[in-house]
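# Commentary on secondary and tertiary structure
If you want the building blocks of each chain, they are given just below.
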Amino acid sequence: MREDGVVTEEHPHRGAAAGGGGAPDEDLMRALYRDHAGPLFGFVLHLVAGDRQRAEDVVQETLVRAWRNIHRLDPSAGSLRPWLVTVARRIVIDGHRSRLARPDEVDPAPLELLPAEDELDRALRLMTISEALGDLSEAHRQVIVETYLMGRTANEAAAELGIPAGTVRSRVFYALRSLRLALEERGVTS
């Protein structure tokens, strides 16, 4: 037996029930819980800065590990609390390290509330408009491109196209009317 209460060979009075792969020693587990769960919870609660849920999880994991290693524990070796405290402390440290190793998880629900433009709808809208522009005459398409797509005023578009500003205004009026009809034919309304 080692100083920390761990048995290196099977304890004679526990027989095959604990060491031979049978059911664990339930009495020992009940005694561990009864004698150590409360003080262990207080110790762990301090380690996790008062987070009761984490403390309960760590105590539970510690007792599960004790149950898995019950064949190695020696109840007659004095208190098993040092072994339990060491296991609990290591669980807390491992949990802390794993949280540092990966980014914090965030709830995706708030992101779903943010309005986001659907790129597919935008692409389909642009394709429909491009097709409708293709139905216009070259003169009407030029004034729409210069005024609406390039953002030029009627005077700037007139200078660019080499036509009078009044002609640009007139062509924009008739081009928009033709474009509206072309879009309605494609199922686009208002």
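Refer to the structure presented above.
To start, this report covers the structure provided alongside it. (Residues numbered from 1 in each chain as written. Predicted model: local features only at pLDDT ≥ 70, side-chain atom pairs only at ≥ 80, totals over all residues. Heavy atoms only, no water.)

If you tally the helices and strands in the protein chain, you get 9 helices and 0 strands. Listed N to C, the secondary structure of the protein chain is α-α-α-α-α-α-α-α-α in terms of helices and strands. Considering the protein chain as a whole, with its 190 residues, one finds that 28% of them fall into the buried category. Summarising the internal contacts of the protein chain: among those between residues at least 6 apart in sequence, 61% fall at separations of at least 24. When the accessible surface of the protein chain is summed, it comes to about 13100 Å², and 54% of that surface belongs to carbon and sulfur atoms. (Helix = DSSP H or I, 4+ residues; strand = E, 2+ residues; numbered from the N terminus. Buried < 20%, exposed > 50% of the residue type's maximum accessible area, 1.4 Å probe, protein only. Contact = heavy atoms within 4.5 Å. Areas by Shrake-Rupley, 256 points an atom, 1.4 Å probe, with all protein chains shown as cover.)

Moving on: the packing of helix 2 (residues 26-47) against helix 3 (residues 52-68). Orientation of helix 2 relative to helix 3, taken along the N-to-C sense of each, is 145°, at an axis distance of 9 Å. The two elements helix 2 and helix 3 meet at a crossing, and its hand is right-handed. For the pair formed by helix 2 and helix 3, the contact residues are Met29, Leu32, Tyr33, Ala37, Leu40, Phe41, Val44 and Leu45 on the first element and Arg52, Ala55, Glu56, Val58, Val59, Thr62, Leu63, Ala66 and Trp67 on the second. For the contact of helix 2 with helix 3, the per-class residue count stands at 14 nonpolar, 1 polar and 2 charged. (Axes fitted to C-alpha atoms, helices over the stretch in contact; angles between N-to-C directions. Left-handed = near helix turned anticlockwise from the far one by under 90°. Nonpolar A, V, L, I, M, F, W, Y, C, P; charged D, E, K, R; others polar.)

Even without being a glycine, Ala49 presents a positive backbone phi close to 55°. In this fold, Ala49 is placed in the loop between helix 2 and helix 3.

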